[in-house]
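Geometric and topological summary
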Amino acid sequence: MARVLLNNVARRFSTATAVDNITFEIPDGEFWVLVGPSGCGKSTVLRMIAGLDFPTQGEIYIGPQCVNDVPARNRDVAMVFQNYALYPHMTVAENLAFGLKMRQIDRAQIQQRVGTVAESLDLKHLLNRKPKQLSGGQQQRVALGRAIARNPQVFLLDEPLSNLDAQLRDDTRAELKRLHQLFGVTTLYVTHDQTEAMTLADQIVVLSQGQIQQIGTPQAIYRRPCNRMVASFLGSPPMNLLRTTYDGDAFQLKDQHIPCPASLRPVLKSFLDHPLDLGIRPEHIQVSPNWSDGMIAITVDLVEPLGRDNLIRAYLASDTSQSLTLVTQGEFLPQPGDRLGVSFVLDQMIIFDATTGAALSHDDRSV
Ligand code: ATP
């Protein structure tokens, strides 16, 4: 196992900058997740660590060694891709053993290692099958097993669960977490899927347009996003953002207003009448079937019953251009067109400068 350090790394192509001056260090044995929208540079970061692509600037360290000039085969990293890339003519056992054979490890040790990995991934009964005789989930487990069997210093996983159906995805995600607890190999995991990011990561790195937006624990990223991009990327449904202004006392939303908590007042002093985005997560909106004084009136647009609770899409009664998503308990099932009253949990609001997207209250809260 080893730490992985990227120091001021960039990858510029003649037509695009895929990765733009990024720096982060994954401590030995930690599981980090890289998230961001399509094209933000996630795979390029992974490929550079693996040695399949090279930085045009900066250094990459694995353990104490700068690996910029080390070829991929000598880096002691194992990469698992979305398409499993198993050897079709080999059995599961041969696929699991392949990396070890290449390193000329003795036969008894290979057998022992393959046995341990097959056991931990529930592949023992499949060892004599060829990849085409396996389900997608089983193939994915073999791909993971092949990487684990090599006992690398670092795992690089590029959307490894995205070809699996929902149930298998959940199961394999839990399996990955268990495997990490068992083997503790330093891991960088790329995903679009925020559930994977939230559940697996020690730390999440949010990337956008090749640049790091924020690095933090899942809780910190969720509860204290540093800007509007991070706020709207993590969380399903995403954080609501309402365009507003602050008049020195309250946030104004056309004919309605929302009180400003005392904790936000100092920072907002220099943003009087400046365009702001008021961020509030759906679970921090209290909903009442009857509007009363002090509540914000909304009109229900769409209702999505999910069983345990319902997702309600609505718009502000005073300004139909502003929409909100909120959640009600299963039995409270409003209908489209219903008028409801909502209030926000004030100390959970996050205010963004609408011009720059930066969170104004970012550093003032404990997670
Ligand atoms: P996705 O989630 O869609 O897989 P990603 O975040 O992994 O995307 P990358 O594949 O790392 O994104 O690509 C980052 C950017 O670099 C994209 O704009 C892409 O078009 C560009 N890019 C990647 N490889 C090359 C290349 N060989 N030549 C030119 N541009 C490239």
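Summary of the structure given here. (Residues numbered from 1 in each chain as written. Predicted model: local features only at pLDDT ≥ 70, side-chain atom pairs only at ≥ 80, totals over all residues. Heavy atoms only, no water.)

1. So, the overall build of the protein
Of regular secondary structure, the protein possesses nine helices and 20 strands. On the principal axes, the C-alpha backbone points of the protein span a range of 75 × 45 × 35 Å. When each of the 367 residues of the protein is scored for burial, the buried share is 51%. Looking at the protein alone, contacts between residues at least 24 apart form 66% of all its contacts between residues at least 6 apart. Only carbon and sulfur atoms are counted for the fraction: they give 47% of the accessible area of the protein, which is about 17,200 Å². For the protein, the distance from the average position of its 34 positive side-chain charges to the average position of its 38 negative side-chain charges is 9 Å. (Helix = DSSP H or I, 4+ residues; strand = E, 2+ residues; numbered from the N terminus. Buried < 20%, exposed > 50% of the residue type's maximum accessible area, 1.4 Å probe, protein only. Contact = heavy atoms within 4.5 Å. Areas by Shrake-Rupley, 256 points an atom, 1.4 Å probe, with all protein chains shown as cover. Lys, Arg positive; Asp, Glu negative; His and termini not counted. Charge placed at Lys NZ, Arg CZ, Asp CG, Glu CD.)

2. Digging into the sheet that holds strand S2 (residues 17-26)
Sheets are built from strands paired through backbone hydrogen bonds, the pairs being either parallel or antiparallel. What the four strands build is an open sheet, ordered S2-S1-S4-S5; its pairing is antiparallel. Pairing within the sheet leaves two strands with one partner each, and these edge strands are S2 and strand S5 (65-66). Looking at chain direction, strand S1 (residues 4-12) and S2 are connected through six bridges and run antiparallel. Each bridged residue has a counterpart across the sheet, and for Leu6 the counterpart in S2 is Phe24. Against the sheet, helix H1 (residues 42-50) makes contact with S1, S2 and strand S4 (57-62), and its axis sits at roughly 120 degrees relative to S1, the strand it touches most. (Pairing = 2+ DSSP bridges. Axes fitted to C-alpha atoms, helices over the stretch in contact; angles between N-to-C directions.)

3. Overview of the side chain of Asn310
Inspection of the secondary structure puts Asn310 in strand S17 (residues 309-316). Taking the relative accessible area as the measure of exposure, Asn310 reaches 2% and is therefore buried. A polar contact is formed between the side chain of Asn310 and the backbone oxygen of Gln329, at a distance of 2.9 Å. Once residues within four sequence positions are removed from consideration, Asn310 is found in contact with Glu304, Pro305, Leu326, Val327, Thr328, Gln329, Gly330, Phe332 and Leu333. (Polar contact = N/O pair within 3.5 Å; in protein donor to acceptor, adjacent residues only side chain to side chain.)

4. Points about the sheet that holds strand S20 (residues 350-353)
Here we have five strands laid out as an open sheet, ordered S13-S12-S11-S14-S20, and antiparallel in their pairing. Single-partner strands in this sheet number two, and they are strand S13 (256-259) and S20. Sheet twist, expressed as the average angle between the axes of neighbouring strands with direction ignored, equals 40 degrees. Two elements, strand S12 (residues 250-253) and S13, share four bridges in a ladder whose sense is antiparallel.

5. Re the packing of aromatic side chains
Summed over the entire model, instances satisfying the criterion amount to four aromatic pairs. Each ring, one from Phe24 and one from Trp32, has its centre 5.9 Å from the other, and the planes form 20 degrees; the classification is stacked. Residue Phe24 is classed as buried on the basis of its relative accessible area of 4%. Relative to Phe98, the ring of Tyr87 has its centre 4.5 Å away and its plane inclined at 50 degrees; by these criteria the two rings are tilted. Taken together, the residues Tyr87 in the loop between strand S6 (77-80) and helix H2 (92-102) and Phe98 in helix H2 connect sequence positions eleven residues apart. With relative accessibility at 29%, the residue Tyr87 sits in the partly exposed group. Judged by relative accessible area, which is 24%, Phe98 ranks as partly exposed. Residue placement shows Arg281 over the ring face of Tyr222; its charged tip is 3.8 Å from the ring centre. (Phe/Tyr/Trp six-rings, centres within 6.5 Å; stacked < 30°, edge-to-face > 60°. Lys NZ or Arg CZ within 6 Å of the ring centre and 35° of its normal.)

6. Considerations on the nonpolar core
Val33, Leu96 and Tyr189 are the most contacted members of the largest nonpolar core, which has 43 residues in total. The element best represented in this core is helix H4 (residues 136-149), accounting for six residues. Counting 29 residues, the second largest nonpolar core, distinct from the first, contains Ala18, Phe24, Leu188 and Leu207. (Core = buried A, V, L, I, M, F, W, Y, C linked by side-chain atoms within 4.5 Å.)

7. Topic: the site of the ligand
For the ligand, the full set of nearby residues is Phe13, Thr15, Ala18, Pro37, Ser38, Gly39, Cys40, Gly41, Lys42, Ser43, Thr44 and His192. Within the backbone of Cys40, an N or O atom sits 3.1 Å from an oxygen atom of the ligand. Between Ser43 and the ligand, the recorded distance is 2.8 Å, taken from a side-chain N or O atom to an oxygen atom. In the complex, the protein chains occlude 59% of the 640 Å² of accessible area that the ligand would expose alone. With three residues, H1 is the largest single contributor of residues to the shell around the ligand. Classifying every residue of the shell around the ligand gives four nonpolar, seven polar and one charged. (Near = heavy atom within 4 Å. Nonpolar A, V, L, I, M, F, W, Y, C, P; charged D, E, K, R; others polar.)

8. Remarks on H4
In this model, H4 (14 residues) spans 20 Å end to end at C-alpha, consistent with the 20 Å of a helix rising 1.5 Å per residue. Across the 14 residues that make up H4, a large majority, 13, are buried. Just downstream of H4 lies Asn151, where phi reads positive at about 55 degrees. (Expected span 1.5 Å × (residues − 1).)

9. Details of H2
Turning to H2, its buried residues are Val92, Asn95, Leu96, Ala97, Gly99 and Leu100. Buried residues along H2 sit against helix H3 (107-120) and H4. Of the residues flanking the end of H2, it is Gln104, one or two places downstream, whose phi is positive at about 55 degrees.

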